[in-house]
Each structure stands twice: as C-alpha cells, then as structure tokens.
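Summary of the model geometry
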Amino acid sequence: MSTIKFLRSSTHNALRSSLGWCRHAASRPRYDYDLVVLGGGSAGLACAKEAAGCGARVLCFDYVKPTPVGTKWGIGGTCVNVGCIPKKLMHQASLLGEAVHEAVAYGWNVDDKNIRPDWGKLVRSVQNHIKSVNWVTRVDLRDKKVEYVNSMGSFRDSHTIEYVAMPDAEHRQVTSEYVVVAVGGRPRYPDIPGAVELGITSDDIFSYEREPGRTLVVGAGYVGLECACFLKGLGYEPTVMVRSIVLRGFDRQMSELLAAMMTERGIPFLGTTIPKAVERQADGRLLVRYRNTTTQMDGSDVFDTVLWAIGRKGLIEDLNLEAAGVKTHDDKIVVDAAEATSVPHIFAVGDIIYGRPELTPVAILSGRLLARRLFAGSTQLMDYADVATTVFTPLEYSCVGMSEETAIELRGADNIEVFHGYYKPTEFFIPQKSVRHCYLKAVAEVSGDQKILGLHYIGPVAGEVIQGFAAALKSGLTVKTLLNTVGIHPTTAEEFTRLSITKRSGRDPTPASCCS
Ligand code: FAD
Ligand code: NDP
C-alpha cells in the first residue's frame, strides 16, 4: 500500500516539476492553499517554510492549550518552549555550578562554599531567551511568506480545515490541496488521585515560579533523568521513581552505568515503584503514596514538587481525524515511508507519527524532505535509521546505531565484537572528579573489516563527540578505519580511535595512563 501511494505522489511531483510548478502556475487554484500545516513546532515550521520556499501557498496553524496549572507559551512547539532549549539551558546552569567548584581547584579565588542558584533569575533568563526565539520565529514566517494563524485547526473534511479566529471567536474554514499534520505531543499524567491537581510536568518546570525544592521525579526515561540531574546540579533534592528499568530501549550496560553515576552524585532511585496518590498536607507540602511492585510494600514520602515524566501522548483528539478518514494507532498517526497517511494527500511528520524517534532533528529533516517531495519534485525519503541521540545528564550519554542487546539479537552473539574501555578525561584530574563512569564502546561485526553497528559514550559533552561519529557510522565506518584514524589529543573523543580491548578477550578495560 505504502509503495503505491508514494509512487503516485512522486509521479505527480515529477509532473509538477517538469511543468515548472510554482504558486503562480495554476490560473485559478482549486483550493485556498497548496498546503495547510497543523502545528507550528519543529516539524510543522520546517515543512511550512520549505514549502513556501518552493513557491507553495502555505498556511500554518499553531495553538497551545495551557497546562492544568496554567502554563502556556508561544509559537515554536515543544523544542523551543518546553523541551530541548530550556532543558539544555538548565543543564548548562547546573554544569556551571559544578564548574565553580572545579575552578577553585584550578586556582581561582572563588568562595565555592556559599554558592546558591537564583532559581527566579534562571527562569527569567531562560524565558527571555524563549520569547526572543518566539519573536524571531514569527518574523521568519512573515519573511518566508508563510501565513500563520494562532488557532487550533481541525478537519471538516479531508481538504477542509476549520478553526476559531480570534479576537471575535468567528468560526472559519480554509481548503487546501495538501494537509500536513505536525501537532506533536504533550506529557501524560498518571491516572491516580491528585496527579493533575498537584503535580507538574516538563511543560511547567522551565517557567516554574517557586523553587522546586525536594522533588519527586516519576519516570526514568530521557525527561525524568535529565530533569532530576539539572535539579540536583542546581542544589535541589530530586528522587527518581522507576517503574521498571532506567532508559528502556537504550543499551542496558550504558543505562545502568548512567544510573550508577547519578546515584554517586546523590540522586536516590525508588526502584520498581509506582505512585498511588498525591495529597496536599496542612503545611502545603505534598504527601506521595506509592507501592513497590517487587516487594508489594506500600510507602509514602513528602516532597515540595512532584514532576510527572512518564512519557507523552500524541495530540490527535482535537483534530477530528475521522472526518478526513486518517487512520491512527493508539494516539499516533500511521504513515508510510513517504509520511503519507491513509489519505494520500494528508501527511504527518514529527512526534505525532507512530513508531519513529521523537527528536527535534528528526522532526525538522522529515518535514523539510516532505515539502521538497510535494513541491520541488524530490523523491528523497527520510532515513530514520541510525539517528544519534544524547541524554543530557552531567556526564552525558550519547549513542548512535545498535545497542549491544539489539546487535546480539539481530546478528547472534558469535557474530558481534564489542570493543570497550574506561578513560580518564584530562580535565578531571586537577579537581579530582570521579572517572568511574567515563566509558565507551563500539559494537561491531566480528568478521572482515568489522563494520561498526553502534557507538556508545558516557562522558563530558557526549552529544558533541557522537555527532561526527554518527556521520561516519552512516557512511559505513569499520573498526579498521576507526583505529586508523588519528586522534585529536588531548580530547575524550580520541578515545574512540584507541579502542583496542574486546569484551571477549576478558582484558581489563581500565586505562593505565592517558598518553600511551
Ligand atoms: P511539537 O514541537 O510538539 O509541535 C507541535 C505544535 O502543534 C505545538 O505547538 C502544539 O501546541 C501545536 N498543536 C497541537 N495541536 C494543534 C492543532 N490541532 N492545531 C494547531 N496547532 C496544534 N529532542 C531532541 O532532539 N533533543 C533534546 O534535547 C530534546 N529534549 C527534550 C526535552 C523535553 C523536556 C521534551 C519534552 C522533549 C525533548 N525533545 C528533544 C523532543 C523534541 O522536543 C520533540 O521531538 C520535537 O519538539 C517534536 O516536534 P514536533 O514539531 O513534532 O511537535
Ligand atoms: P519515555 O517514554 O522515554 O519514558 C517514560 C518513563 O516513564 C519510563 O521510565 C516509563 O517506565 C515511565 N512510566 C510510564 N508510565 C508510567 C506510569 N504510569 N507510572 C510510572 N512510570 C511510568 O518518555 P519521556 O517523557 O522521558 O520522553 C519522551 C520523549 O521525548 C522521548 O522518547 C524522547 O524521544 C524525547 N526526549 C528527548 C530528549 C533528548 O533528546 N535528550 C530529552 C527529553 C525527551 P517503563 O520503562 O516501565 O515504561
């Protein structure tokens, strides 16, 4: 089904391309717009701007429903407002706190006994930056001739979108040849008493007015671990509640090493535990009741803040997808390799699509490529394989390609060679930082030049280290090439070029010195 649909659309594109398709080509357009995009986040904006650049007449809707505690934000979607950007800024703030202590060891005259974060100032700085990005985004849309409507769009039929226009709340409709659904997702709340009324999510934490204090972070995925770590780095007391395992879907050894690093830094984990209820005490603090599912014992503790980080749900409920005939799975939209839904002229990109990575660069590139296929005669499909990603904990964890478990499952243990090693970042010596969790590994084929299937790294600036290696892996990197690559000394990235110990050998992967 999917191939037929894509062929149909690529033939159509080739025809448009040969006719020199542009927005002035049709004497009298059948629809109000060539493209309506629902959602002005990473995916929707990339698609809308690229399509307009190809000459299409584009309208983009973006609307944010406030959270239960009333947080709302402007155009740009999750990444800019309540995701990657504020998260990275708070991560940086927490790393800077650590750097102050290191500075003393390096000879700076700083009183590191009395450093305290100013939460209010941090939040204001982060929010000011976000507002400037919101403003630049609106200007960019205007410059690129994308019409923007700050309203919730929904389908009336497969070519018609209806919305409520402000300020007079007038019901309006527009028609479009193509529709791209890029509505993303929002955090889930658990179905327990007090969850919605008393808890917050990542949608609230980056603009939270009061200091978080002692915080229960429920969930041990990306959001849970990252939030717990920046809160700890800022001097608060997070506890992470884990339902099953930390970082499901990632390499197990790396995930457990990351959890050990967090424990060493004073972040407690409540293992195999689920929340049962949240109640407000007379003193205003939050009493959380929970159950350990291994011991079946109930327990409770008191926190200042409860942060739900239990995953995200796709925002399909307001779209009236039935009116258009678009098929869904759970709360996501099912698409083929060309991001076409069950209705050939309706597409979906970004977090809203079923079974693909929920990451900003994925959303942006897939949106851009889709626009080029629709309006510039391109046939290039998005390649969702080997997408690199980073968990922004104080020692970051970044990886690309297969985990050790996946490689063994798909290829068999006898056909896999794992090269690994601990390492000591030079800059860790003077402040005597723990190097216990600085570790990396390459998962490779056992035979021939040993094609690399996965690279994993825990250490400083992991995202910066892995990004370049991701390009190499996509280009068919082998162990032979990696070990023939001259390192940049003294960096931590060079450790990948020095990987000589295999797990199979049983040799000690701990380094003797830094420079031999
Ligand atoms: P979104 O950015 O969510 O945009 C969808 C937009 O559509 C929203 O503004 C929404 O309100 C709007 N909308 C919804 N319904 C309608 C409607 N009917 N009409 C009009 N508008 C509508 N990814 C990374 O790659 N790196 C990171 O470091 C990273 N950190 C993250 C940290 C956190 C805390 C979170 C929550 C996510 C993070 N992500 C990160 C994931 C990344 O933010 C998402 O993958 C990305 O933002 C998805 O983009 P999108 O365009 O699909 O959806
Ligand atoms: P995840 O799906 O990654 O993690 C959800 C966590 O919550 C899991 O540990 C899960 O446990 C647990 N959980 C689920 N339901 C419950 C429940 N009812 N009670 C208790 N625990 C529960 O979601 P996140 O919100 O962390 O992240 C969403 C997506 O956002 C990620 O997949 C990622 O793509 C993106 N993101 C990317 C980042 C980055 O690139 N650095 C940063 C942040 C987000 P279990 O394993 O048992 O299911």
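Residues numbered from 1 in each chain as written. Chains lettered and ligands numbered in written order. Predicted model: local features only at pLDDT ≥ 70, side-chain atom pairs only at ≥ 80, totals over all residues. Heavy atoms only, no water.

Looking at an unreviewed UniProt entry, the protein carries the name thioredoxin-disulfide reductase (NADPH), with the source organism given as Drosophila sechellia. In its Sequence similarities (unreviewed entry) section, the UniProt entry covering the protein states "Belongs to the class-I pyridine nucleotide-disulfide oxidoreductase family." The annotation that UniProt attaches to the protein under Catalytic activity (unreviewed entry) is "[thioredoxin]-dithiol + NADP(+) = [thioredoxin]-disulfide + NADPH + H(+)". (UniProt positions renumbered as here; feature names shortened; annotations may be inferred.)

1. Regarding the sheet that holds strand β9 (residues 214-218)
Across the sheet, five strands lie side by side as β8-β15-β9-β10-β11; this open sheet has parallel pairing. Only two strands of the sheet have a single neighbouring strand rather than two, namely β8 (200-201) and β11 (269-270). Where β9 lies against strand β10 (residues 237-241), five bridges are found, and the strand directions are parallel. Pairing of V217 across the sheet is with V240, part of β10. (Pairing = 2+ DSSP bridges. Helix = DSSP H or I, 4+ residues; strand = E, 2+ residues; numbered from the N terminus.)

2. Remarks on the pairing of strand β4 (residues 154-157)
Across three bridges, β4 lies against strand β5 (residues 160-165) in antiparallel orientation. If you follow S154 over to β5, its bridge partner there is E162. Turn length for the β4-β5 hairpin, with the two strands adjacent in sequence and antiparallel, is two residues.

3. Some thoughts on helix α2 (residues 42-53)
In a regular helix each residue adds 1.5 Å, so twelve residues correspond to 16 Å; α2 covers 17 Å between its end C-alpha atoms and thus fits that length. Among the twelve residues that make up α2, nine are buried, leaving the element largely enclosed by the rest of the structure. Of the positions making up α2, those classed as buried are S42, A43, G44, L45, A46, C47, A48, A51 and A52. Phi turns positive, to about 100°, at G55, one or two residues after α2. (Expected span 1.5 Å × (residues − 1). Buried < 20%, exposed > 50% of the residue type's maximum accessible area, 1.4 Å probe, protein only.)

4. Description of empty space enclosed by the protein
Counted under the stated rule, the structure contains two cavities of 30 Å³ or more. If you add up the space inside the largest cavity, you get close to 60 Å³. If you trace the largest cavity, you find eleven residues lining it, with K424, T426, T491, E494 and E495 closest to the centre. A class-by-class count of the residues in the lining of the largest cavity yields four nonpolar, four polar and three charged. (1 Å grid on protein atoms, 1.4 Å probe; cavity = no way out; pocket = protein on both sides within 12 Å on 5 of 7 lines; lining within 4 Å. Points joined across faces, edges and corners; volume = space filled by probe spheres on them. Nonpolar A, V, L, I, M, F, W, Y, C, P; charged D, E, K, R; others polar.)

5. Description of the site of ligand 2
Looking at ligand 2, there are 20 residues lining it, with E226, S244, R248, E358 and T390 nearest. Between K87 and ligand 2, the recorded distance is 3.5 Å, taken from a side-chain N or O atom to a nitrogen atom. One of the backbone nitrogen or oxygen atoms of Y222 is found 3.3 Å away from an oxygen atom of ligand 2. If ligand 2 stood free it would expose 920 Å²; the protein chains cover 77% of that surface. Those elements that place two or more of their residues in the shell around ligand 2 are α8 (222-233) and β20 (389-391). Broken down by element, the shell around ligand 2 gets its largest block of residues, three residues, from α8. Taken together, the residues that form the shell around ligand 2 break down as eight nonpolar, six polar and six charged. (Near = heavy atom within 4 Å. Polar contact = N/O pair within 3.5 Å; in protein donor to acceptor, adjacent residues only side chain to side chain. Areas by Shrake-Rupley, 256 points an atom, 1.4 Å probe, with all protein chains shown as cover.)

6. Quick notes on the layout of surface pockets
Taken as a whole, the second largest pocket spans an internal volume of roughly 590 Å³. The leading source of residues in the lining of the second largest pocket is helix α4 (residues 84-105), at seven residues. A class-by-class count of the residues in the lining of the second largest pocket yields eleven nonpolar, five polar and six charged. Two domains each provide a minimum of three residues to the lining of the second largest pocket, namely domain 1 (33-187 + 313-376) and domain 2 (188-310). (Domains from an automatic or database assignment.)

7. Describing the site of ligand 1
Lining the immediate environment of ligand 1, one finds 35 residues, of which D62, Y63, T78, K87 and D351 sit closest. Between ligand 1 and A43, the relevant distance is 2.9 Å, taken from an oxygen atom to a main-chain nitrogen or oxygen of the residue. For ligand 1, an oxygen atom lies 3.2 Å from a polar atom in the backbone of L359. Mapped onto the shell around ligand 1, the elements with two or more residues apiece are α2, α3 (77-82), α4 and α11 (360-375). Among the residues forming the shell around ligand 1, the class breakdown is 16 nonpolar, 14 polar and five charged.

8. Digging into the sheet that holds strand β13 (residues 286-292)
Taken together, three strands build an open sheet; the order of strands is β12-β13-β14 and the sheet is antiparallel. Each having just a single partner strand, β12 (273-280) and β14 (298-303) make up the two edges of the open sheet. The sheet shows a mean angle of 25° between the axes of neighbouring strands, direction not considered. In the sheet, β13 pairs with β14 via six bridges, with the strands oriented antiparallel. Opposite L286, over in β14, you have F303 as the bridge partner. (Axes fitted to C-alpha atoms, helices over the stretch in contact; angles between N-to-C directions.)

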